[in-house]
Amino acid sequence: MLAEGAVRQVLVADGHCSPDEASRVGPHLVSLCRHYGQHPFTPLEDVRRELRLDSAAFGRLLDLFRRLPALREAVVTGPSGKYWANTLLPLERAGALDAVLDGKPRYPHILGLYPGPTCMFRCHFCVRVTGARYEASALEEGNARLASVIDEMPTGNPYALYVSGGLEPLTNPGLGELVARAARRGFRMTLYTNSYALTDATLRRQPGLWEFHAIRTSLYGLDDAEYETTTGKKQAFQRVRANLLHFQRRRAAERMPVRLGLNYIVLPGRAHRLLDLLDFVAELDAAAPGRPLDFLNLREDYSGRPDGRIAPAERAELRDALAAFEAKAAEVTPALEVDYGYALHALKSGLDAELPRIRPETMRLGAHPQVAAQIDLLGDVYLYREAGFPGLAGAERYVAGRVGPDTSLRQVVEGFVTRGEQVVPVAGDEYFMDGFDQVIAARLNQMEADIAAGWGDERGFLR
Ligand code: SF4
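Predicted model, so just to flag it, every value in this text is computed and none were measured. (Residues numbered from 1 in each chain as written. Predicted model: local features only at pLDDT ≥ 70, side-chain atom pairs only at ≥ 80, totals over all residues. Heavy atoms only, no water.)

Novice: It is not clear to me how the pairing of strand β5 (residues 259-266) should be interpreted in this structure. Could you clarify?
Specialist: A regular strand places its side chains so that they alternate between the two faces of the sheet. Here β5 lies mainly inside the structure; six of its eight residues are buried. Alignment of strand β4 (residues 214-219) against β5, held across six bridges, turns out to be parallel. Paired with threonine 217 across the strands is leucine 262, a residue of β5. As defined by bridge partners, β5 adjoins strand β6 (residues 295-300) across six bridges and the pair is classed as parallel. Following the sheet pairing, leucine 262 is matched in β6 by leucine 296. The parallel pair β5 and β6 is bridged by helix α13 (residues 274-286), and the resulting crossover is right-handed. (Buried < 20%, exposed > 50% of the residue type's maximum accessible area, 1.4 Å probe, protein only. Helix = DSSP H or I, 4+ residues; strand = E, 2+ residues; numbered from the N terminus. Pairing = 2+ DSSP bridges. Right-handed = clockwise from strand over helix to strand, strands pointing away.)

Novice: Would you take a moment to explain the pattern of salt bridges for this structure?
Specialist: Here the idea is simple: oppositely charged side chains can pair when their charged atoms come close. All told, the structure shown has 33 salt bridges when counted by the stated rule. Residues arginine 259 and glutamate 337 are paired through a salt bridge, measuring 3.2 Å at the closest nitrogen-oxygen approach. One end of the pair, arginine 259, is in strand β5; the other, glutamate 337, is in strand β7 (residues 337-339), and 78 residues separate them in sequence. Notably, a salt bridge pairs glutamate 448 with arginine 364, separated by 3.0 Å at the nearest N-O pair. One end of the pair, glutamate 448, is in helix α17 (residues 435-452); the other, arginine 364, is in the loop between α15 (341-348) and β8 (372-376), with 84 residues separating them in the sequence. For glutamate 448, a relative accessible area of 39% gives the class partly exposed. Using a relative accessible area of 12% as the deciding quantity, one classes arginine 364 as buried. One network of salt bridges, with partners in common, ties together Glu21, Arg60, Asp63 and Arg67. (Salt bridge = Lys/Arg side-chain N within 4 Å of Asp/Glu carboxyl O.)

Novice: Quick question: what am I supposed to make of unusual backbone geometry here?
Specialist: Only a minority of non-glycine residues have a phi that is not negative, and only a minority of peptide bonds are not trans. For the peptide bond that leads from glycine 165 to glycine 166, omega is 20°, which places it in the cis range. You will see that arginine 52, though not glycine, has its phi angle at about 55°, which is positive. The class for arginine 52 is exposed, based on a relative accessible area of 76%.

Novice: I would appreciate a short explanation of the UniProt feature "domain: Radical SAM core" (unreviewed entry) in the protein chain in the present structure.
Specialist: Within this structure's numbering, the places UniProt gives as "domain: Radical SAM core" (unreviewed entry) are residues 114-269. For the annotated span residues 114-269, helix accounts for 36% and strand for 14% of the residues, and the straight-line distance between the end C-alpha atoms is 32 Å. (UniProt positions renumbered as here; feature names shortened; annotations may be inferred.)

Novice: Before we go on, may I ask you to explain the side chain of arginine 128 in this structure?
Specialist: As for its position among the elements, arginine 128 is in the loop between β1 (110-114) and α8 (139-152). A distance of 3.3 Å separates a polar side-chain atom of arginine 128 from the backbone oxygen of cysteine 119. A polar contact of 2.3 Å, which involves the side chain of arginine 128, links it to the backbone oxygen of phenylalanine 121. Residues within four places of arginine 128 in sequence aside, it is in contact with Cys119, Phe121, Arg122, Leu167 and Phe389. (Polar contact = N/O pair within 3.5 Å; in protein donor to acceptor, adjacent residues only side chain to side chain. Contact = heavy atoms within 4.5 Å.)

Novice: Mind showing me how you'd approach the site of the ligand here?
Specialist: With respect to spatial proximity, the complete set of residues near the ligand consists of Cys119, Phe121, Arg122, Cys123, Cys126, Arg128, Gly166, Asn194 and Tyr220. Classifying every residue of the shell around the ligand gives five nonpolar, two polar and two charged. (Near = heavy atom within 4 Å. Nonpolar A, V, L, I, M, F, W, Y, C, P; charged D, E, K, R; others polar.)

Novice: Is there a simple way to explain the domain arrangement of the protein chain in this structure?
Specialist: Quite often, the size of an interface is put as the accessible area lost when its parts meet. On domain assignment, one finds that the protein chain holds domain 1 (4-78) and domain 2 (360-458). Just the C-alpha atoms count here: the centres of domain 1 and domain 2 sit 34 Å apart. Of the residues lining the interface, 13 residues belong to domain 1; the matching set on domain 2 comes to nine residues. Surface buried jointly by domain 1 and domain 2 totals about 850 Å² across both partners, of which 64% is contributed by carbon and sulfur atoms. Its largest share of buried area at the contact with domain 2, domain 1 owes to Phe41, Leu44 and Glu45, together 55% of the area lost on that side. Here domain 1 is connected to domain 2 by one salt bridge. In this structure, the salt-bridge partner of arginine 66 is glutamate 458, at a minimum N-O distance of 2.6 Å. Inspection of the domain 1/domain 2 interface yields five residue pairs in polar contact (both at pLDDT 80 or more). Looking at the side of domain 1 that touches domain 2, the elements that each hand over two or more residues are α3 (44-50) and α4 (55-67). (Domains from an automatic or database assignment. Buried area = accessible area lost by both parts, 1.4 Å probe.)

Written as structure tokens, this is what we have:
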């Protein structure tokens, strides 16, 4: 974090203000950096009031902030800097957030393809409706719809498409062909999967699967008992483990460029398993000398925590476990890229992360399809990431429209936006939003509040 003295010095040395003014604004600039490095979603007026400045003085402060790139850097590398660097600023650059506020239709900046007709697991935290699935007869037509969307998407952003669910994508036997199709158009798609079906037979039947840019396996435990507790499936860990070991060997032997990684949610009471997780990664590395696992995303489980906070004892345990994890990772899996996510990254820095908590009353009536949308096998375009499950009560209200032989994705989004369609949220609807949706809604609400308060030119603080 920047020191006040250094800020004052630069302000004067670079001729931005007099020594007197520098003494007055220096502490405020440091407070501003500290605040937005930690709480990215605060409306400007709230910070202005906190600093007890009138509008003119606050406007001057924002002007000086913009002149010092080091201040911006301090915000982006702050404890909550990942929100800025990974999510908000790229969307600002793409103009996707402005499109939402201006009510202008455009293709979703990120589109999730949800091709899975079913799932073999029944994870206790999953919102999917037990037994609900897409009919096998829907596959052919559904895949044709997804293919048409792949052909339709603009190619400017190679990361615009990803494959997830909804249900488990690898239960769709036509997935490989869709991946190859997308790769031919230059899309570098990531697959989010449980890897239970990532068998040798699947890979042989669907060689297109090798054309994924990355495969991210959600790991639900480190032995069969943990898997069964979480997914309800017996002996699932051994199968996923065998699939990943085999994938590792073939990927290395055939020099396939696809990246391979894991997503591991630290469930309450399982922080001590982080060291065992590294042993598992090391086992996968050993299966393919010279081609270690590429990445690991660690996440904290916030479900069932109404205020979004972890209890102090658990925080301390988790922080200690993360420190031990980091030390061991540097030793046994040095090539592994570890992404701690927003919450764990902040916790590692000794702070409580501010996770946006969107409620029905703060959900946006028109959602944000210009930023992100999801499409399932029926061609239904969902506004939120956790809504795309068959039979999920109330989720149909969050379908913007259906892509079909006579209706393109562009027409669906354009129709929804230009008609000004709105979904009035009811209690519980916030669970249709995942963490990303919540971040986007929080950002858009913040930007709107700034504009309404007369800070249009400065809205959102950084852009
Ligand atoms: S979380 Fe994923 S793997 Fe688990 S039941 Fe839901 S869809 Fe299946």
